[in-house]
Amino acid sequence: MSSVVDVQKTEAYLQACSRLLEFRNPQVNTSMSFKSCFKSSMDAEDANQLITETEDSRLQMINDFSVNATYDTKIRSLEAYLGHLLRLEESIRTAKEAVKLDKEMHFEWRGSLTDKLDCTKSSDIIYEVCMVLHTKAILHNNAANSLLATDPTSFATDAGKHMLEASSIMHHMSTNIASGSWKLVISKKIPNPPELCEHVCAGLAALFKAQAQALSFVKISGGTGGAGPPAIKSRLCVGVVNSLTASTDAFFRAPGAPLAYQVQLTHVHILKQIYTALAYQLQAQVYLEKKEVGNAIAYCAVAKEKLVEQKKTVKLVWTEKGLPKFAHPYVYLRLASAYLNEAIDLVHKEADQDNRFVYFQQVPAAHEMPLLPQEASVMNPPAFKDPPRAGPVAFVYVAQKTVFTSMFSGFMGSMSSSSAANTKPSAEEGGAASGAAPLATADDVPPPASAPPASASDEAYARQLQRQFDADPPPPGADPPPPSAAKYNSLV
């Protein structure tokens, strides 16, 4: 049949359409340090090991992003960091008492779903978990697009696996956020960023599944089209359409929709229209082969209507300002629509000729047409699995004593004692009744040593210096003595 040739061309262009939407990689602030936050809780060996591994894996993730490593390397780094991060989160969540930190954790990310350059900040470790998972899903999507740009037919299977993993992650995030397992409130004044919205996560999960199903359609078409029977390919197209419909419904429930997600919704809408038209065209071929030419003619008419709608949408987007990123991919969509339109005309022409001269069947109206077949149950995302990890650890806070604290308190203590000696009240004024211990006089102070003994504390040495100063003050106009090395280092 001559129409098969045109369908082959259409499917070849649809291979390019399957990698239509690509996301910007998220960006993370590098200043966060787990060791600084848990400094006083790392005495235990297992706690020290967990914090050290979490810190090192985060630095490795940041390094892989900064050197522009391969997608597989970045994904492995994220998985390694996620395992340690989830163990740390579990340790904090299951602790009998609140884990005391030396300073508050501070996570900061720039997402990938909007064109705004604003960063989102949070001290909640669940926010870090969500952003790592979101980044991993986006990397799977972009890795699939990279493979398809190289060779759509050879890498359709590998790209499909990436898309299923991305869909699984987003479904996992949507489920946990919707159930309240992950409670996140970044700001009381504005909604959470889209990466933390359950509806956006659900929309992306359905979109990634649809792209995996589209790649399955590419694979069964054999790269050049015509390899699989039209009945199977039609069911695959129905699956793509159903997933895209679910994606649209989820995005429209998100705060700020539809304007906030114009890019995603436009992509989903156009892709849905062309796969709907393709499903009807392929099913018309099925009816034509079964000699049910009346149904074939009716299905061709519906397919033409869907293409007209798709053409209007593409024209609107083509002239819409602010969407330049769609210009290049939509060239393929317009060409695919043109070839598909020719394929529909050829099927309609053949079915109409057979019906007028041979079968004389009645063409059913739109409401009398048989329904499209059920979707093929393929390319379902696997259940999400957390990275393997050990059990939680216990954090015991041990207050850290610094040199600065001991010297400062000793010096201040001696200063207060000196002040009390200079202003000591007489017995007639009630000095004896006050109970204050009398300070040592200059004659009672032993001669100072040139250096403090090795066992002397900083506080004792400070008191010794103060006594020397009180006993033998410097003459007027003389330079003050230099500070000790220990005090200088502590103040620095």
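Conventions adopted
Residues numbered from 1 in each chain as written. Predicted model: local features only at pLDDT ≥ 70, side-chain atom pairs only at ≥ 80, totals over all residues. Heavy atoms only, no water. 1 Å grid on protein atoms, 1.4 Å probe; cavity = no way out; pocket = protein on both sides within 12 Å on 5 of 7 lines; lining within 4 Å. Points joined across faces, edges and corners; volume = space filled by probe spheres on them. Nonpolar A, V, L, I, M, F, W, Y, C, P; charged D, E, K, R; others polar. Helix = DSSP H or I, 4+ residues; strand = E, 2+ residues; numbered from the N terminus. Buried < 20%, exposed > 50% of the residue type's maximum accessible area, 1.4 Å probe, protein only. Contact = heavy atoms within 4.5 Å. Pairing = 2+ DSSP bridges. Axes fitted to C-alpha atoms, helices over the stretch in contact; angles between N-to-C directions.

What follows is about empty space enclosed by the protein. The tally for this structure, following the rule as stated, stands at 1 cavity of 30 Å³ or more. In this structure, the largest cavity encloses a volume near 40 Å³. Pro 26, Val 28, Met 61, Phe 65, Leu 78, Trp 109 and Thr 135 together form the lining of the largest cavity. Residues belonging to the lining of the largest cavity are distributed by class as follows: 6 nonpolar, 1 polar and no charged.

Turning to the environment of Asn 25, a few remarks are in order. Mapped onto the elements, Asn 25 comes out in the loop between α1 (2–17) and β1 (27–28). The class for Asn 25 is partly exposed, based on a relative accessible area of 23%. When the C-alpha atoms of Asn 25 and Thr 135 are compared, they prove to be 7.0 Å apart, with 110 residues separating the residues in sequence.

With that settled, consider the side chain of Ser 167. By the element assignment, Ser 167 lies in helix α6 (residues 156–179). Those residues in contact with Ser 167 that sit more than four places away from it in its chain are Ala 205, Phe 208, Lys 209 and Pro 381.

Turning to the sheet that holds strand β3 (residues 120–122), a few remarks are in order. Hydrogen bonds between backbone atoms are what pair the strands of a sheet, whose relative direction is either parallel or antiparallel. Pairing is antiparallel in the open sheet, where 3 strands are placed in the order β1-β2-β3. The sheet is open, and its two edges are formed by β1 and β3, each paired on a single side. Sheet analysis places β1 next to strand β2 (residues 107–110), joined by 2 bridges and oriented antiparallel. Looking at β2, one finds that Val 28 is bridged to Trp 109. Here helix α5 (residues 125–150) sits on the sheet in contact with β2 and β3, set at roughly 30° to β2.

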